[in-house]
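Structural overview for review
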Amino acid sequence: VTVTEPTILPLAKDMASDPPKLPKVHLAAEPTEQDRQVAARVLRLFQVARDHRRPMLPRWRQNYRMLFNRYWGPGREAWLPSPQVTEILPIIRASVGFMTDQRITHNIAPAAIPGNEYADFFSNLADTLETTMLATWCANLEEREWTTSIWDGFIYGAGIQKTAWESDLAGGLGDAMARRVHPFHFYPDPRATTEHDGDFYIESREMSVEELDRRFPGAGDLFRSGGGTGANDLLDRPPSNVDWSGRGSATGNPGPISPATSPMYARARDGARDPSLPGVHVLECWVREYEFVSTTDTRTDTDAKKAKSNWRVIVVAEGRVLMNEPASNLWDHGQHPYSRFAPIDIGEFWGPSMVELLISPQQSINKILAALQQNVELTGNPIWKETAAGGLRRTPIINRPGQRVEVGNAMVDKSGWEQPPRMDSSMMQLLNFFLSRMEVISGIAAMQKGGGAPGGRNAQGVIDSVQESAFVGIRLAQRNLEYAMTTSGEKKADLIIENYTQPRLLAIAGPDREREMLALKARHFQIPTNEGAIPLKYQLYVDAGSRRHTARQVMEERAVQLFTLGAIDRDSLLKSVDWPNAAKVAEEQDAREAQLAAMGEAAGPGQRQRARA
């Protein structure tokens, strides 16, 4: 195979910088018959996906409530003990913390022929693209969006990220950004097992008129008087920390629900928004299409056809089609913008939820603690038995602390305290059993949740071995996170290559006090040739820490040992311990030692002596 490298031309000073592609908004006063058919098709797909996913909603709401240990409902008597000692939240918090504790890195390799004069040029472009990805990651607080999606993965079984171009970022120049999509708002194809094999994906949201007009200029004039097509019946509202019923995110009536006398459990309003602010139900549907492309069969040297799949985006607001365009008209990669993260991927789109697996032992722990607490209260304030000539009254007897019960003279000789039965020691054994099973299910022990170290005088190697074996499940989830970040990163890199059409300056203030500045030309990542500009071709891999040790102390100790043996240099050592400005500090130290060596002075003790000291 003969490969001809394109001739790279210098960038002209007055090279045109075209703005990013903008969607075409349909703003006809009356929708056409074709738009009505398209809107009806999108609504039908949405109803199919919603009906398939709707049985999961009660479990999802229960998962959300149990994450905060809202086990005892409002109907429980106030005098009954209602202990809520949560174990689920520390487990999920530790899991999310360990997964985000490692620094996320993007490794980009250019697709170029090695060993020729263009290899260095493409490698420098790839390095610049890596730096740009880091700059946007830090400047746009993208790590916060991914952290929220990781929480979604543990609560609902999958987290959804949407990677798109946002024109209001970077001071109006626009930038690529991955944002979290709430699982309650996302409706995949019922046959889909990943974000790659589905035929359609729908995002359902309620937008204000102002937001709708901002995203689709001019569309707000169509809905100034609000929606009014029963959007509340179509929306699956997510639960919130205010209203645990899942019907809305705010309380609309400050009065209590009968027979309660406290306004703590007020009636929930049907909608989350103020009725004076009109909302519009918007469906963003990405549909897979295909077309037949003529090719040549190399085996028979005859013409052949193969099916090529494409994606189309259709935005429908209250039955009105606002946009109906191929994805290639929005961005060159031509794919839908969604990525999926599942901590436990078993070949289903919504994987098993870690919170759901922990609910049963958490409920048992709450019941056992309630029984123990009630027994202690009865012991401190037992029931008083008193005689009565008429015998026991015909009133219900409640096993309640401080209760006074009248009994017949023939039943007892005298009045006295009714001592409750003593709790057996097996109650604590059962409680510890459920706690240990929760640790086994999650892979997070008490030591990883912030508890004490294991008993006894254990060697450091033993503790590290126990910690590593416990983190096998965490590293599995990290590998799945790397798959999702790679899919999202490729779309983000493509958007940067395509839409960085204007000169811009990047200032990077990284987590390790990096201070880097980078100047990009117009179309910096597009290679001008005698046949026109072509985008940079690359291969991307995201490292989220699945192949590294999860304990920072162990990583630092190993780095010191390798530095002592001379296996790594000073720069690698400082980066391993996350020392601020590691590269600059190592460079200054190397220059100082070189200066001392030139002056004939000793450069200080050797590496072994420094480590020993």
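Since we're looking at a predicted model, the values are computed, not measured. (Residues numbered from 1 in each chain as written. Predicted model: local features only at pLDDT ≥ 70, side-chain atom pairs only at ≥ 80, totals over all residues. Heavy atoms only, no water.)

1. A closer look at helix α11 (residues 472-499)
Compared with an ideal rise of 1.5 Å per residue, which puts 28 residues at 40 Å, α11 spans 40 Å between its outermost C-alpha atoms and is within 8% of the ideal. Across the 28 residues of α11, 21 count as buried, placing the element largely inside the fold. (Helix = DSSP H or I, 4+ residues; strand = E, 2+ residues; numbered from the N terminus. Expected span 1.5 Å × (residues − 1). Buried < 20%, exposed > 50% of the residue type's maximum accessible area, 1.4 Å probe, protein only.)

2. Section: the confidence of the model for the protein chain
For the protein chain, the average pLDDT comes to 77, and 71% of its residues sit at 70 or higher. The low-confidence segment residues 1-17 (pLDDT under 50) makes 26 contacts with residues lying over four places distant or belonging to another chain. Note that pLDDT drops below 50 for residues 244-276; the model gives that stretch 52 contacts with residues more than four away or on any other chain. (pLDDT = per-residue confidence, 0-100. Contact = heavy atoms within 4.5 Å.)

3. A few points about the sheet that holds strand β2 (residues 159-166)
Strand order in this open sheet of 3 strands is β3-β2-β11, and the pairing throughout is antiparallel. Each end of this open sheet is capped by a strand with a single partner; those strands are β3 (175-181) and β11 (338-341). When the angles between neighbouring strand axes are averaged without regard to direction, this sheet yields 25°. Relative to β11, β2 is paired through 4 bridges, and the arrangement is antiparallel. If you follow isoleucine 160 over to β11, its bridge partner there is arginine 340. Where α11 meets the sheet, its contacts fall on β2, β3 and β11, and the angle it forms with β11 comes to roughly 165°. (Pairing = 2+ DSSP bridges. Axes fitted to C-alpha atoms, helices over the stretch in contact; angles between N-to-C directions.)

4. Considering helix α4 (residues 119-139)
An ideal rise of 1.5 Å per residue puts 30 Å on 21 residues; α4 measures up with 30 Å between its terminal C-alpha atoms. Once α4 ends, the next one or two residues include leucine 141, with phi positive near 55°.

5. Some points on the nonpolar core
Ile88, Ile92 and Leu212 are the most contacted members of the largest nonpolar core, which has 96 residues in total. When residues in this core are grouped by element, the largest group, 9 residues, is from α11. Those residues within four positions of isoleucine 88 in sequence are excluded, and the remaining contacts are Met66, Leu67, Val355, Leu358, Ile359, Gln362 and Met438. Of all hydrophobic cores here, the second largest spans 16 residues; its members include Ala39, Leu45, Ile202 and Val287. (Core = buried A, V, L, I, M, F, W, Y, C linked by side-chain atoms within 4.5 Å.)

6. What to know about the environment of histidine 196
Tracing the chain through its elements places histidine 196 in the loop between β4 (186-188) and β5 (200-208). Each C-alpha atom, one on histidine 196 and one on serine 339, is 8.8 Å from the other, the two residues being 143 residues apart in sequence. Every residue in contact with histidine 196, bar those within four places of it in the chain, is listed here: Tyr201, Arg288 and Thr487.

7. Here's the deal with the environment of leucine 536
If you trace the backbone, leucine 536 turns up in the loop between β18 (534-535) and β19 (538-543). Along the sequence, leucine 536 and alanine 111 sit 425 residues apart, while their C-alpha atoms lie 8.0 Å from each other. Look past the residues within four positions of leucine 536 in its chain and what remains in contact with it is Phe122, Leu125, Ala126, Leu129, Ile497, Phe525 and Ile527.

8. Here's the deal with the packing of helix α2 (residues 57-67) against helix α8 (residues 354-380)
Orientation of α2 relative to α8, taken along the N-to-C sense of each, is 60°, at an axis distance of 10 Å. By the criterion of interaxial angle, the relationship of α2 to α8 is oblique. Viewed along their axes, α2 and α8 form a crossing whose handedness is left-handed. Of α8, the residues touching α2 (which contributes Arg59, Gln62, Asn63, Met66 and Leu67) are Val355, Glu356, Ile359, Gln362 and Gln363. Here the residues of the contact of α2 with α8 sort into 4 nonpolar, 4 polar and 2 charged. (Parallel < 35°, antiparallel > 145°, perpendicular 65-115°, else oblique. Left-handed = near helix turned anticlockwise from the far one by under 90°. Nonpolar A, V, L, I, M, F, W, Y, C, P; charged D, E, K, R; others polar.)

9. Side note on the packing of aromatic side chains
Counted according to the given criterion, the structure contains 17 aromatic pairs. Taken together, the ring pairs connect Trp60, Tyr156, Phe184, Phe186, Tyr201, Trp311, Tyr338, Phe349 and Trp350 into an aromatic cluster. Sitting above the plane of the tyrosine 187 ring, arginine 53 keeps its charged end 4.1 Å from the centroid. Of note, arginine 504 hangs over the ring of tyrosine 500, and the distance from its end group to the ring centre comes to 3.8 Å. (Phe/Tyr/Trp six-rings, centres within 6.5 Å; stacked < 30°, edge-to-face > 60°. Lys NZ or Arg CZ within 6 Å of the ring centre and 35° of its normal.)

10. Thoughts on unusual backbone geometry
Backbone geometry at asparagine 69 places phi at a positive 60°, although glycine is not the residue there. Here asparagine 69 shows up in the loop between α2 and α3 (88-101). Relative accessible area serves as the criterion here: at 1%, asparagine 69 is assigned to the buried category. Backbone geometry at arginine 523 places phi at a positive 55°, although glycine is not the residue there.

11. Some points on the pairing of β2
Residues in a regular strand project their side chains so that they alternate between the two faces of the sheet. When you tally the buried positions in β2, you get 8 out of 8 residues, the bulk of the element. Bridge count between β2 and β3: 7 bridges; the pairing is antiparallel. Looking across to β3, one finds that isoleucine 160 is bridged to valine 181.

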